[in-house]
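So the chains spell out like this:
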Amino acid sequence: MVPDPETPICSAKGCRSAAVWVLAWNNPKIHTPERRKTWLACEEHREHLSQFLGVRGFLKDVVRFEDWRAPEGA
C-alpha cells in the first residue's frame, strides 16, 4: 500500500506508518538553543525515538502532530 503523499510518515527506519507525534530536538553542539529539528513518530516508535534522542540530550519536546506549531522562523 502506498501512503497518501499528504499523510506525514514516521521517521523510524523502514516504517511507513502515519505519524501522530512530533519529536522536537536540537544538537546543542551545532544548533542554537532556539533551533528545533523534528522527527515524526507513529505510536509504535514514539518511545524508541524519544529514548534515542533523550540519551543524547537532544530531545526538547514531544507533542501530538495535530497540536504541533513550528516556532517562528523555523
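Here is what the cut-offs are and how they apply
- Note that residues are indexed from 1 along each chain, following the sequence as it is written.
- Reporting of local features is limited, given that this is a predicted model, to residues whose pLDDT is at least 70; pairs of side-chain atoms are given and counted only at 80 or more, and all residues count toward the totals for whole chains, interfaces and linings.
- Note: side-chain values were computed over all heavy atoms of the structure, leaving out hydrogens and water.
- Counting from the N terminus, the helices are DSSP H or I runs at least four residues long and the strands are E runs at least two residues long.
- N or O atoms within 3.5 Å of each other form a polar contact, as long as, within protein, one can give a hydrogen and the other can take it, and as long as residues adjacent in sequence are counted only when both atoms are side-chain atoms.
- The criterion is simple. A nonpolar core is a set of buried Ala, Val, Leu, Ile, Met, Phe, Trp, Tyr and Cys residues joined through side-chain atoms within 4.5 Å.
- For the exposure calls, accessible area comes from a 1.4 Å probe over protein chains only, and a residue counts as buried if that area is under 20% of its type's maximum, exposed if over 50%, partly exposed in between.
- In this analysis, two residues are considered to be in contact whenever any of their non-hydrogen atoms come within 4.5 Å of each other.
- At least two DSSP bridges between two strands are needed for those strands to be called paired.
- The salt bridge definition used is simple: a Lys or Arg side-chain nitrogen within 4 Å of an Asp or Glu carboxyl oxygen.
- Throughout, the arc means the angular range of directions from the helix axis out to the C-beta atoms.
- Side-chain rings of Phe, Tyr and Trp, where Trp is taken by its six-membered ring, are said to pair if the distance between their centres is within 6.5 Å; with planes under 30 degrees apart they count as stacked, over 60 as edge-to-face, and otherwise as tilted.
- Here, a charge over a ring means that NZ of Lys or CZ of Arg falls within 6 Å of the ring centre while also lying within 35 degrees of the ring normal.

- Naming follows an unreviewed UniProt entry, where the protein chain appears as Acetone carboxylase of Streptomyces fimbriatus.

1. Structural notes on the side chain of N26
Point 1. Mapped onto the elements, N26 comes out in the loop between β1 (21-25) and β2 (37-41).
Point 2. Of note is the side chain of N26, whose polar atom sits 3.3 Å from the backbone oxygen of P33.

2. Details of the nonpolar core
Point 1. If you look at the biggest cluster of nonpolar residues, it comprises 11 residues: C10, A12, C15, W21, L23, W25, A41, C42, L49, L53 and F58.
Point 2. When residues of this core are traced back to their parent elements, those giving at least two are β1 and α1 (46-55).
Point 3. Broken down by element, this core gets its largest block of residues, three residues, from β1.
Point 4. Apart from the residues within four sequence positions on either side, W25 is in contact with H31, R35, R36, K37, T38, W39, L53, F58, L59 and K60.

3. What about the pairing of β1?
The side chains of a regular strand alternate, first on one face of the sheet and then on the other.
Point 1. In terms of residue burial, β1 counts as a mostly covered element, since five of its five residues are buried.
Point 2. In β1, alternate side chains face the same way, and those of W21, L23 and W25 on one face and V22 and A24 on the other are all buried.
Point 3. Two elements, β1 and strand β3 (residues 59-64), share five bridges in a ladder whose sense is antiparallel. When the sheet's bridge partners are listed, W21 is paired in β3 with R64.

4. Digging into the pattern of salt bridges
Where charged atoms of side chains with opposite charge meet at close range, the side chains can pair.
Point 1. Under the criterion given, the structure shown has three salt bridges.
Point 2. The closest approach of N and O atoms between E47 and R46, which form a salt bridge, is 4.0 Å.
Point 3. Through salt bridges with shared partners, one network takes in E43, R64 and E66.

5. Overview of α1
Point 1. Burial in α1 covers these residues: L49, S50 and L53. Along the axis of α1, the buried positions cluster into a sector of 100°, meaning they face one direction only.
Point 2. Elements that come into contact with the buried residues of α1 comprise β1, β2 and β3.
Point 3. Looking at the residues trailing α1, positive phi occurs at G57, about 75°.

6. Topic: the packing of aromatic side chains
Point 1. Applying the stated rule across the entire model yields three aromatic pairs.
Point 2. Here the aromatic residues W25, W39, F52 and F58 are joined through ring pairs into a cluster of three or more.
Point 3. The side chain of R46 reaches across the aromatic face of W21, ending 5.0 Å from its centre.

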